[in-house]
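In case you want the letters, here they are:
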Amino acid sequence: MSKERHYEGNPQKNSPALGATVAYLGINGLLALLHGSQGCSTFIRLQLNRHFKEPIPLNSTALLEDTAIFGGWEHLKKGIAKAIDKFQPGIIGVMSTGLTETFGDDLQSALQELRQERPDLKNFPVVLSRTPDYVGSMQEGYLETVLSLLATLSPSASQKNGLNTNPNQSSLSFTALDPSFPSTQPAIALFPGIHLTPGDVGELKDIVSLFGFRPIVVPDVSTSLDGHTELEPAPVVQGGTTPTDILQLPKCQAAFSFGLSMKKVGAYFQKKYEIPHINIPSLTGLKATDNFVLALADVAQKPIPAKLRQQRSQLLDFFADYHDQIGGKQIAVALETDLLYTLGTALQEVGAKVSVALGATEHGFKEFPSSIPVQMGDLEDLEDLAGGSHLIIANSNGRQTAAALHLPHLRAGLPVFDRAGENLKVWIGYRGSRQFLVDTLNTMAG
C-alpha cells in the first residue's frame, strides 16, 4: 500500500448475507428468510434489485432492540412458521446476520424446537446458513450457503439406494417426487461461483449440453434472475434448480465447480457421493476455456463439437486482430477474489499488465500467479494505486475513483447499477472471452 491506514475508507466488499441471498435465489420455490433487522434485508433487496432489475423475494424476522438483549430465538421460530403457513413455499432458506451471530442465536436448536412444537413441520426442508457480516464478503456467504444447501437438500447415499437412515432428513418432503426421474441423458453436476452472471450460467449450460450431458446446476440463477417476465410478484423464487433435479445429483457422472472458492463445494460433493470432481478456477480466456472443454470431452469420451471449435477459432482471430491494442496496457482491477482471478489471468493471456489487483478478502490469494500483484484493499486503495493505469475494472462503486483519476471504467462484479443488462452479460467460454476483450477495448477507447 502507498500509505498505512487503519480503516476502510470506501469498502468494495458486500455482506455475506447478500451472497447467501443470491445462492438461495437459484433454488426454485424457496423462500429466503434473513434472521436480523428489517433494515438489513431492505439493504440487501436494494442492492440486488438495482443490480438485477428484478423484485427480490427476501423476508426478515424483523428483530428489534430488545432482541439484542434477549435474543431472537422466538422471532426465528415464528418467522419460519409464519412464512410456511402464509406463503406455502417448497423450501425455506435462513441466513444469519452480524446481530444474531453476536448474541449467539443457535439456529439449529431453534429449528429443532419448532419441529417439536409443530409436528406437521417435522419434515419440511429448512436450510440454515451462518453468514455474519464480520466474516468475509458476499463470496464467502455464497459458499457457505451452497454447502448448506447440499448438506440439507441432497439425498444421502442411503437414500440413493432406496433407504433412509435419517428421519430428520429435510429431503423427505420431496418424497412426492419420483427419485427415478426418467432421463436417458447422462447428467453433470455444476457448481457455479457467485462471480458468474445469469448469462454466464446459461452459456455454461449450453456448453455442457453440446457434449450430450444434462446439466444440474446448484444454484441456478440462469432461469430465476435472467430477466424473464413474471405475471405478478411472488414471495418465493420463480425459476432455478428444482427439487427433482436435486434428487438426481448422486446419479451424475462427474461434477465441476467454478471459481477458486467453489473448490470446497466440489470436494464436499465428491466425498459425499464418490463422484469425480474437477475445479475450474476460471472460465474466461483461451487457456481457461480449453481446460474446461478438454475435461468435458474426456468425461464424455466424445470429440469437441464443431460449434466450440468455431468459437475458439473466432477468439484466436480476435487475438491476432487486436493484440497490438491491448498488449502492454496497464489495467487496475478491484473485485471479489474469484472474479479478480478470472479477469486478471485472462488479461495477462493477451499481453495486458495487471497493475493493481485488489480483492475484497484474502480467500484464494495463494492461487494467483506471481505476476499479478494481488492484495486485499478497498476502493480508497484503488484510488491511491491506480494512477498511471489505462483502465479500471470494478463494480459501479468504483466510478468515483475512475472519475478522480480521469480513467475509463469497465463495470464488473456486483453491484452494477449504472449500466443496462448486467445480468445478461456473458464473459465465459470462447464466445464470452471474446466479448470481454471487446468490452475492455471499447471502454478504453472511450
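Residues numbered from 1 in each chain as written. Predicted model: local features only at pLDDT ≥ 70, side-chain atom pairs only at ≥ 80, totals over all residues. Heavy atoms only, no water.

Attention now moves to the overall build of the protein chain. Within the protein chain, the regular secondary structure consists of 17 helices and 13 strands. Expected size for 446 residues packed as a compact globule is a radius of gyration near 22 Å; at 22 Å, the protein chain falls within 12% of this value. Across its three principal directions, the C-alpha atoms of the protein chain cover 70 × 55 × 40 Å. Split into buried and exposed, the 446 residues of the protein chain put 56% on the buried side. Summed over all atoms, the accessible surface of the protein chain reaches about 18700 Å², with 52% contributed by carbon and sulfur. (Helix = DSSP H or I, 4+ residues; strand = E, 2+ residues; numbered from the N terminus. Rg over C-alpha atoms; globule rule 2.2 N^0.38 Å. Buried < 20%, exposed > 50% of the residue type's maximum accessible area, 1.4 Å probe, protein only. Areas by Shrake-Rupley, 256 points an atom, 1.4 Å probe, with all protein chains shown as cover.)

Proximity of charged atoms lets side chains of opposite charge pair with each other. Applying the stated rule across the entire model yields 13 salt bridges. For Arg411, the salt bridge goes to Asp418, with nearest N and O atoms at 2.7 Å. A relative accessible area of 26% places Asp418 in the partly exposed class. Where Lys425 meets Glu422, a salt bridge forms, and the shortest distance between an N and an O atom there is 3.0 Å. For Lys425, a relative accessible area of 15% corresponds to the buried category. Relative accessible area serves as the criterion here: at 5%, Glu422 is assigned to the buried category. By sharing partners, the salt bridges in this structure join Glu74, Lys77, Glu113 and Glu117 into a single network. (Salt bridge = Lys/Arg side-chain N within 4 Å of Asp/Glu carboxyl O.)

This part takes up empty space enclosed by the protein. According to the stated counting rule, one finds 2 cavities of 30 Å³ or more in the structure shown. Considering only enclosed or pocket space, the largest cavity measures out at about 360 Å³ in volume. Lining the largest cavity are 33 residues, and of these Ile194, His195, Leu196, Thr197 and Gly413 sit closest to its centre. Only helix 2 (38-52), helix 7 (138-153), helix 9 (198-210), strand 9 (330-335) and helix 14 (337-349) provide two or more residues apiece to the lining of the largest cavity. Classifying every residue of the lining of the largest cavity by side-chain character gives 19 nonpolar, 10 polar and 4 charged. Of the pockets and cavities examined, the second largest cavity occupies roughly 40 Å³. As for the second largest cavity, its lining consists of Thr284, Gly285, Leu315, Phe319, Ala346, Glu349, Val350, Ser433, Phe436 and Leu437. (1 Å grid on protein atoms, 1.4 Å probe; cavity = no way out; pocket = protein on both sides within 12 Å on 5 of 7 lines; lining within 4 Å. Points joined across faces, edges and corners; volume = space filled by probe spheres on them. Nonpolar A, V, L, I, M, F, W, Y, C, P; charged D, E, K, R; others polar.)

The predicted model of the protein chain has a mean per-residue pLDDT of 90, with 91% of residues at 70 or higher. Note that pLDDT drops below 50 for residues 157-182; the model gives that stretch 49 contacts with residues more than four away or on any other chain. (pLDDT = per-residue confidence, 0-100. Contact = heavy atoms within 4.5 Å.)

Taking strand neighbours across the sheet as the criterion, the 4 strands line up as 6-5-7-8 in an open arrangement whose pairing is parallel. Only two strands of the sheet have a single neighbouring strand rather than two, namely strand 6 (214-217) and strand 8 (277-280). With strand direction ignored, the average angle separating the axes of adjacent strands in the sheet is 25°. This element, helix 11 (residues 263-273), spans strand 5 (187-192), strand 7 (254-258) and strand 8 of the sheet and lies at about 175° to strand 8. (Pairing = 2+ DSSP bridges. Axes fitted to C-alpha atoms, helices over the stretch in contact; angles between N-to-C directions.)

Per the counting criterion, the structure on display carries 9 aromatic pairs. Residues Phe258 and Phe292 carry aromatic rings whose centres are separated by 5.3 Å and whose planes lie at 85° to one another, so their mutual orientation is edge-to-face. Here Phe258, found in strand 7, pairs with Phe292, found in helix 12 (residues 286-300); they are 34 residues apart in sequence, far enough to count as distant. For the pair Phe258 and Phe292, a shared accessibility class is recorded, and that class is buried. Ring centres 5.2 Å apart and planes at 90° place the aromatic pair Tyr341 and Phe368 in the edge-to-face group. Linking Tyr341 in helix 14 with Phe368 in the loop between strand 10 (353-359) and strand 11 (374-376), this pair joins segments that are 27 residues apart in sequence. With a relative accessible area of 8%, Phe368 lands in the buried category. (Phe/Tyr/Trp six-rings, centres within 6.5 Å; stacked < 30°, edge-to-face > 60°.)

Counting through the fold element by element, Val236 comes out in the loop between strand 6 and helix 10 (243-247). Placed 40 residues apart in sequence, Val236 and Leu196 show a C-alpha to C-alpha distance of 22 Å. Setting aside residues up to four positions removed in sequence, Val236 forms contacts with Gly29, Leu30, Leu31, Pro57 and Pro89.

Bringing the layout of surface pockets into the picture now. Gaps left between atoms show up when a probe the size of a water molecule is rolled over them. Space inside the second largest pocket adds up to approximately 330 Å³. In terms of lining, the second largest pocket is formed by 17 residues, of which the most central are Leu33, Asn59, Ser60, Thr61 and Lys82. Within the residue set of the lining of the second largest pocket, elements represented by two or more residues are strand 1 (30-34), helix 2, strand 2 (58-60) and helix 4 (73-87). A total of 7 residues in the lining of the second largest pocket trace back to one element, the largest contributor, which is helix 4. Per-class residue counts for the lining of the second largest pocket are 6 nonpolar, 7 polar and 4 charged.

A separate point is helix 9. End to end, helix 9 covers 19 Å across 13 residues, agreeing with the expected 18 Å (1.5 Å per residue, within 8%). Every buried residue of helix 9 is accounted for by Pro198, Gly199, Asp200, Val201, Glu203, Leu204, Lys205, Ile207 and Val208. (Expected span 1.5 Å × (residues − 1).)

Along the polypeptide, Glu74 turns up in helix 4. The class of Glu74 is partly exposed, set by a relative accessible area of 40%. Once the C-alpha coordinates of Glu74 and Glu113 are considered, the two residues, 39 residues apart in sequence, prove to be 10.0 Å apart. At 3.2 Å, the side chain of Glu74 forms a polar contact with the side chain of Lys77. (Polar contact = N/O pair within 3.5 Å; in protein donor to acceptor, adjacent residues only side chain to side chain.)

Before going further, it helps to spend a moment on helix 1 (residues 16-24). Buried residues dominate helix 1, accounting for 9 of its 9 residues. Along helix 1, the positions that sit buried rather than exposed are Pro16, Ala17, Leu18, Gly19, Ala20, Thr21, Val22, Ala23 and Tyr24. A side-chain oxygen of the first residue of helix 1 lies 3.0 Å from the backbone nitrogen of Ala17; this N-cap is Ser15.

Here we come to unusual backbone geometry. Between Val218 and the following residue, Pro219, the backbone shows a cis peptide bond with an omega angle of -10°. Along the chain, Pro219 turns up in the loop between strand 6 and helix 10. Of note, Ala62 is a non-glycine position whose phi angle comes to about 55°, a positive value. As for its position among the elements, Ala62 is in the loop between strand 2 and helix 3 (67-70).

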